[in-house]
Structure formats: structure tokens, C-alpha cells
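# Architecture at a glance
Read off the chains here:
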Amino acid sequence: MKRFAAYSLCALLLVLAGCASHEPAPMDQDTLLKLVTGKKWMLVDAYGREPLEDTGIFILFDEDGKVSGSAGCNNFGGTYSIDGEALVFGPLMSTKKSCGPSLDEQEYFFLNALSQADRIHVEEGELQLISDDHHEPMRFAVEGENSSWLW
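Let us look at the structure shown here. (Residues numbered from 1 in each chain as written. Predicted model: local features only at pLDDT ≥ 70, side-chain atom pairs only at ≥ 80, totals over all residues. Heavy atoms only, no water.)

### A look at the pattern of salt bridges
Selection criterion: When a carboxyl oxygen of Asp or Glu lies within 4 Å of a side-chain nitrogen of Lys or Arg, that pair is called a salt bridge. Counting from the N terminus, the helices are DSSP H or I runs at least four residues long and the strands are E runs at least two residues long. Categorising residues by exposure relies on relative accessible area from a 1.4 Å probe, with only protein chains included: less than 20% of the type maximum marks a residue as buried, more than 50% marks it as exposed, and the intermediate range marks it as partly exposed.
Counted according to the given criterion, the structure contains 6 salt bridges. In this structure, the salt-bridge partner of Glu105 is Arg49, at a minimum N-O distance of 2.4 Å. Note that Glu105 is positioned in helix 3 (residues 101-116) and Arg49 in the loop between strand 1 (40-46) and strand 2 (58-61), a separation of 56 residues in sequence. In this structure Glu105 comes out as partly exposed when scored by relative accessible area, which is 38%. Judged by its relative accessible area of 33%, Arg49 is partly exposed. Measuring nitrogen to oxygen at the nearest pair gives 2.8 Å for the salt bridge that ties Arg139 to Glu126. With a gap of 13 residues between them, Arg139 in strand 9 (residues 138-142) and Glu126 in strand 8 (residues 126-130) connect regions that are remote in the sequence. One continuous salt-bridge network, built from bridges that share partners, spans Asp45, Glu126 and Arg139.

### Overview of the state of the cysteines
How we decide: Only a pair of cysteine sulfur atoms within 2.5 Å qualifies as a disulfide here.
Enumeration according to the criterion identifies 1 disulfide in this entry. Across a sulfur-sulfur distance of 1.3 Å, Cys73 and Cys99 are joined as a disulfide pair. Of this pair, Cys73 sits in the loop between strand 3 (66-70) and strand 4 (75-83) while Cys99 sits in the loop between strand 6 (93-94) and helix 3, and the two are 26 residues apart along the sequence. On the accessibility criterion, Cys73 (16% relative accessible area) is buried.

### Quick word on the pairing of strand 3
What counts is decided by this rule: Note on pairing: two strands pair once DSSP finds at least 2 bridges between them.
Where strand 2 meets strand 3, 4 bridges bridge the pair, whose relative direction is antiparallel. The partner of Phe58 across the bridge, within strand 3, is Ser70. Taken together, strand 2 and the strand that follows it, strand 3, pair antiparallel across an intervening segment of 4 residues, in which Gly65 is found at a positive phi of about 85°. The turn linking strand 3 back onto strand 4 is made up of 4 residues, and Gly72 within it adopts a positive phi angle of 115°.

In C-alpha cells form, the structure reads like this:
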């Protein structure tokens, strides 16, 4: 009977371990800001959607709360704030030239995806912008760091 109880307890612990959250542990805000600012973060994918080739979508976070980048054809800029790992973008402005239907649609998707991000995380050289509305994060890699395959 004791052996059955021990096996049952082990099985229960394994089941509970499988149900544990796989979300990363929160990062200290100062450490997070040091990891994020001053780097050119190239888009790897936006909520599971890969960018079109040779579009060079990137984002830059400045220490003074300004954000800028390229949405693939047009440049954008605005403000951001981080509180812990909570992320809020202020209004983002962008230039308005048309680059054709595919690039225009990609830019629209990317800029909307940025506005939906509400958390930020950096792990193993990857920047993740996370939204409760999506199952996957937006993922970025620093230009030049193990990213020679990026445009």
C-alpha cells in the first residue's frame, strides 16, 4: 500500500510539473533597459509571421524613452515606457510612401503588431515583444550577433 501511495504521489508531481507555466521569470527593469537600448533589433518574426526578404525591419530603443526604426519601407518613431516588463508605446508616427501592395500590407501588420505589444522580455540575445492577443511573441535579434542570415 505504501508503494502504491508513493507511485501515486510521483505521478501527481509529474502531472503538476507538466502544467507549470513556461513563461520566463521577470527581469530587473534596469538590466532590461541596458539589454534593450542602443542596439538595432532586426525582426525575426511577428507573432509567427516572417517578414518578406530584404525588407530590413528593425527597431531601436533609446535610453530617453524614444523608439524608432524601419517598418520595411517607411521609417517610424515615437515613445515607449517600460515598468518592470510592462511595455507601452506612445503614438507611433511613420512616413507614408507606398512601396507596393505586399510591403504596404506588411508594414500595416508590423506597426499594428507593435501597438498590441504589452510586455517586453530579453533572453539569450533575443528580444521578445509579447501581446496577450497572440500565442507567439514578436521576436527580434541584434543586427550582427549570430544573425548573418538576417537581411
